[in-house]
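Notes for the structure review
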Amino acid sequence: MNKEEEVHRQRIAAIGLAAMAALAIAACGSASSSSSSSSAAAAPSSSSASSSAASSSSGSASPGGAKTLVGAGSTLVAPLVSEWQPVYDTKFGVAITYGAIGSGGGIEQATARTVNFGASDAPLTSSQEASCKCLEIPWALAAVAIAYHVNGVPNHLHFTGPVLADIWLGKIKRWNDPAIQALNPGVKLPSTPIVPVHRTDGSGDTFAFTNYLSKISPQFKSQIGNAVLVNWPGGIGGKGNSGVGGALSATNGAIAYITLAYVVENNFDYGLVQNAAGRYISPGIPSIEAAAAAFPTVPTGGMQGVSITDPPASAPTAYPISTFTYVLVPPGNSPAVVSALKAFIDWAITSGQPLGAKLEFAPLPSAVVKADQTDVSLIK
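**Structural notes on the overall build of the protein**
- Counting its regular elements, the protein contains 14 helices and 12 strands.
- Within the protein, residue pairs in contact and separated by at least 24 positions form 76% of the contacts whose partners lie at least 6 positions apart.

**Let's talk about helix α12 (residues 285–293)**
- Taken together, the buried positions of α12 are occupied by Ile285, Ser287, Ile288, Ala290, Ala291 and Ala292.
- Contact partners of the buried residues in α12: β4 (135–149), β11 (280–281) and β12 (322–329).

**Remarks on the packing of aromatic side chains**
- Scanning all chains against the criterion turns up 18 aromatic pairs.
- Considering the side-chain rings of Trp168 and Phe209, the 4.8 Å spacing of their centres and the 70° angle between planes classify their relative orientation as edge-to-face. Residue Trp168 is found in helix α6 (residues 161–169), and its partner Phe209 is found in helix α8 (residues 204–216); the two are separated by 41 residues along the sequence. Taken individually, Trp168 and Phe209 each receive the classification buried, so the pair is uniform in this respect.
- Measuring from centroid to centroid gives 6.0 Å for Trp232 and Tyr257, while their planes differ by 40°, and the two rings are tilted. One end of the pair, Trp232, is in the loop between α9 (218–223) and β7 (236–238); the other, Tyr257, is in strand β8 (residues 254–259), and 25 residues separate them in sequence. Taken individually, Trp232 and Tyr257 each receive the classification buried, so the pair is uniform in this respect.
- By way of ring pairs, the aromatic residues Trp84, Tyr88, Phe92, Tyr98, Phe117, Trp139, Phe344 and Trp347 are connected into one cluster.

**Points about the sheet that holds strand β10 (residues 272–274)**
- Strand order across the open sheet formed by 3 strands is β5-β10-β11, with mixed pairing between neighbours. Sheet topology places β5 (158–159) and β11 at the edges, where each strand pairs with a single neighbour.
- Judged from the 2 bridges that link them, β10 and β11 form a sheet pairing that is antiparallel. Paired with Val273 across the two strands is Ile281, which belongs to β11.

**A word on the nonpolar core**
- Ranked by size, the top nonpolar core spans 93 residues in total, and within it Trp139, Ile255 and Phe344 carry the most contacts.
- Sorting elements by how many residues they give to this core places β4 first, with 10 residues.
- Beyond its immediate sequence surroundings of up to four residues, Phe344 is in contact with Leu69, Trp84, Tyr88, Ile96, Phe117 and Trp139.

**Quick word on the side chain of Thr251**
- As for its position among the elements, Thr251 is in the loop between α10 (240–250) and β8.
- Excluding anything up to four places from it in sequence, Thr251 contacts His149, Val195 and Ile236.

The rules behind the values
- Residues numbered from 1 in each chain as written.
- Predicted model: local features only at pLDDT ≥ 70, side-chain atom pairs only at ≥ 80, totals over all residues.
- Heavy atoms only, no water.
- Helix = DSSP H or I, 4+ residues; strand = E, 2+ residues; numbered from the N terminus.
- Contact = heavy atoms within 4.5 Å.
- Buried < 20%, exposed > 50% of the residue type's maximum accessible area, 1.4 Å probe, protein only.
- Phe/Tyr/Trp six-rings, centres within 6.5 Å; stacked < 30°, edge-to-face > 60°.
- Pairing = 2+ DSSP bridges.
- Core = buried A, V, L, I, M, F, W, Y, C linked by side-chain atoms within 4.5 Å.

The values are spatial; any link to function lies outside them.
What follows is the structure, given as structure tokens:
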């Protein structure tokens, strides 16, 4: 491990417990969609800068209308929502209740109109758009890490997209396979069987990971495909990040795709993934920002997401499994809720962004914020 990687690991490890505490609290909110979630997340370490940014008003929307908003969905964005909740309630007197039930659940609840807003790391499919009729607005920017548990093997192994695809396809079966060994010269790899771990629930992490591998491997695209829930040919499954993390911890030889904050909180080893420029990249704010910057044009109108996995070689520092996560706004909310939603989302995409830094959420690019604000005006 070089000095830069160690500093990066120590920094994100320090925030891991706060991220997971926030995730646990957000998940508790899913038990009842009518009760407000509380937050145990600590204030940002650079509290003066973040608090100042978070408490200033950005955008044209002003809070008003309903005093409670109810949402559900993505577990990836839940720690950030838990940071937003107390700040927004204190400043504007609007309680945000959020249930971390997974992206698939967020899409289902938004479609069923049982929440005021949903959240998903996966853009809506054409059929989901037709059913939900929701606006989908990117409001956070994060990454999916590749974690592994192999006794005696060092942290930060190198992986490529084709090797990861072949692992989850079941073609690479042992850790000392020549394809892995060639990427990690000088590392003594054991003959331990590889156990791929996947999500069993509808997951935005699964969507981002399969989206990336579908771009890299034609066989993966045709055999497994890209969705929030796919049919894996083998390995073991876990529900939510906690289930995947539990399987990873308990299984020597396991490898998993999992949210970065959960990786560092549990001190899992994680890999550096080769990008299109041929560099092996660690997930983190700079590399996530670089991935988003490679896609300067984003759709407006709130009816289409954008994939930022596998950025081109012109983005040499980009992490290749980065992803936007979206707020889903269904039609049919009351005028009071519409007014409050517009204000909250406008705040989240502007003044709320600095609160994500300690959780390894990258700030939204200015072009995305501009497009988002156009979309916010369409909420009704």
